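Residue strings, one per chain:
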Amino acid sequence: MYEKKVKLPVDGWFVEGDLVLPVNAGSIIIFSGAVCRYDPQANQLARYLNEAGFGTLLFNLMTTREVEGFRRQDIDSITERLLAFTLWIHSHSEYRNLEIGYMGLNIGGAVALRSAGELGKAIKAVVTQGARTDLALGALSAMESPTLLIVGELDFQGLTLNQKAFQQLKCKKQLVVIPGGSHSLPEPGKLEQAGKDATTWFKKHMSGIDSEKPLQFDIPKGK
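The paragraphs below set out a description of the structure included in this document.

Moving on: the pairing of strand E4 (residues 55-59). Consecutive residues of a regular strand have side chains that alternate between opposite faces of the sheet. Burial within E4 is extensive, with five of its five residues counted as buried. In this sheet, E4 lies alongside strand E2 (residues 13-21) in antiparallel orientation, the contact comprising four bridges. Looking at E4, one finds that Leu19 is bridged to Leu57. Summarising the sheet, strand E3 (residues 27-32) and E4 pair through three bridges and their orientation is parallel. Looking across to E4, one finds that Ile28 is bridged to Gly55.

With respect to the element layout, Phe54 can be found in the loop between helix H1 (40-51) and E4. For Phe54, a relative accessible area of 5% gives the class buried. For Phe54 and Ala122, which are 68 residues apart along the polypeptide, the C-alpha to C-alpha distance reads 17 Å. Discounting residues that sit within four places of it in the chain, Phe54 has contacts with Pro22, Ser27, Ile29, Leu49, Thr199, Phe202, Lys203 and Met206.

Before going further, it helps to examine the side chain of Arg81. Among the structural elements, Arg81 can be located in helix H3 (residues 75-91). Arg81 gets classed as buried once you look at its relative accessible area, which sits at 9%. Each residue touching Arg81, except ones within four places of it in the same chain, is listed here: Val10, Asp11, Leu61, Met62 and Glu66.

Our focus in this paragraph is the side chain of Arg37. For Arg37, the location among the structural elements is in the loop between E3 and H1. Here Arg37 falls in the buried class, since its relative accessible area comes to 10%. Looking at Arg37, its side chain comes within polar contact range of the side chain of Glu16, at 3.0 Å. Within polar-contact distance, the side chain of Arg37 engages the side chain of Tyr38 at 3.1 Å.

One pass over the full model with this rule turns up seven salt bridges. In this structure, the salt-bridge partner of Arg114 is Asp76, at a minimum N-O distance of 2.3 Å. Within this pair, whereas Arg114 is found in helix H4 (residues 107-119), its partner Asp76 is found in helix H3, the two being separated by 38 residues in sequence. Residue classification places Asp76 among the partly exposed positions, given a relative accessible area of 46%. Notably, a salt bridge pairs Arg132 with Asp134, separated by 2.9 Å at the nearest N-O pair. If you follow the salt bridges from partner to partner, you end up with Lys5, Glu16, Asp18 and Arg37 in one network.

The rules behind each value
- Residues numbered from 1 in each chain as written.
- Predicted model: local features only at pLDDT ≥ 70, side-chain atom pairs only at ≥ 80, totals over all residues.
- Heavy atoms only, no water.
- Buried < 20%, exposed > 50% of the residue type's maximum accessible area, 1.4 Å probe, protein only.
- Helix = DSSP H or I, 4+ residues; strand = E, 2+ residues; numbered from the N terminus.
- Pairing = 2+ DSSP bridges.
- Contact = heavy atoms within 4.5 Å.
- Polar contact = N/O pair within 3.5 Å; in protein donor to acceptor, adjacent residues only side chain to side chain.
- Salt bridge = Lys/Arg side-chain N within 4 Å of Asp/Glu carboxyl O.

Take it as geometry only, folks, not as evidence of what the structure does.
Rendered as structure tokens:
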């Protein structure tokens with residue numbers, strides 16, 4: 001297992017992230033969450049994926065101040081960050097041949113959906129858990145990446161939002177409702193179930209690529 005601290009450029013400064021690559025990993029899952037680098041939920045999900053052979057990258061998409069003062073209009077600039085981090089992974093000589101997927105949590109779930117909508121088939125698969133899909137409604141119909149929405153049965157607002165989002169998606173899609181689970185799935189066994197569902201989805205849609213063949217990565221104009 002290869003583990004490394006990386007520094008990702010954003011707005012003239014750097015964000016530190018935790019990158020883990022199992023031996024012979026052909027894919028990397030970029031986690032999109034406000035402060036997922038220190039989030040026990042995100043770290044547990046990352047461990048499930050690592051055990052299944054997927055690389056992972058965890059970083060804090062937002063500062064604590066930004067989380068506390070978050071406004072809907074902030075979502076555009078935050079999405080630009082995830083796009084920038086994704087391009088950094090793609091352009092890095094060590095990682096450029098890895099397939100890329102997104103795992104988005106809460107606000108970060110909306111950011112992952114918006115970013116995948118812009119990058120098209122370059123993002124091989126997307127999984128969100130408890131996503132604020134209301135912040136990504138304009139991007140959903142453009143999604144090409146196979147998308148799995150996971151939400152807790154007792155997360156009543158989140159369930160309603162994700163059901164509406166599911167109807168707008170035109171790509172390969174699935175909505176999984178975790179029985180007895182609330183927003184962050186703190187109940188015994190619920191996060192593990194979400195981890196298994198996410199792993200199954202990524203395995204289905206991310207099979208790895210020939211390292212001799214450059215990854216096709218179409219960047220939208222202006223990005």
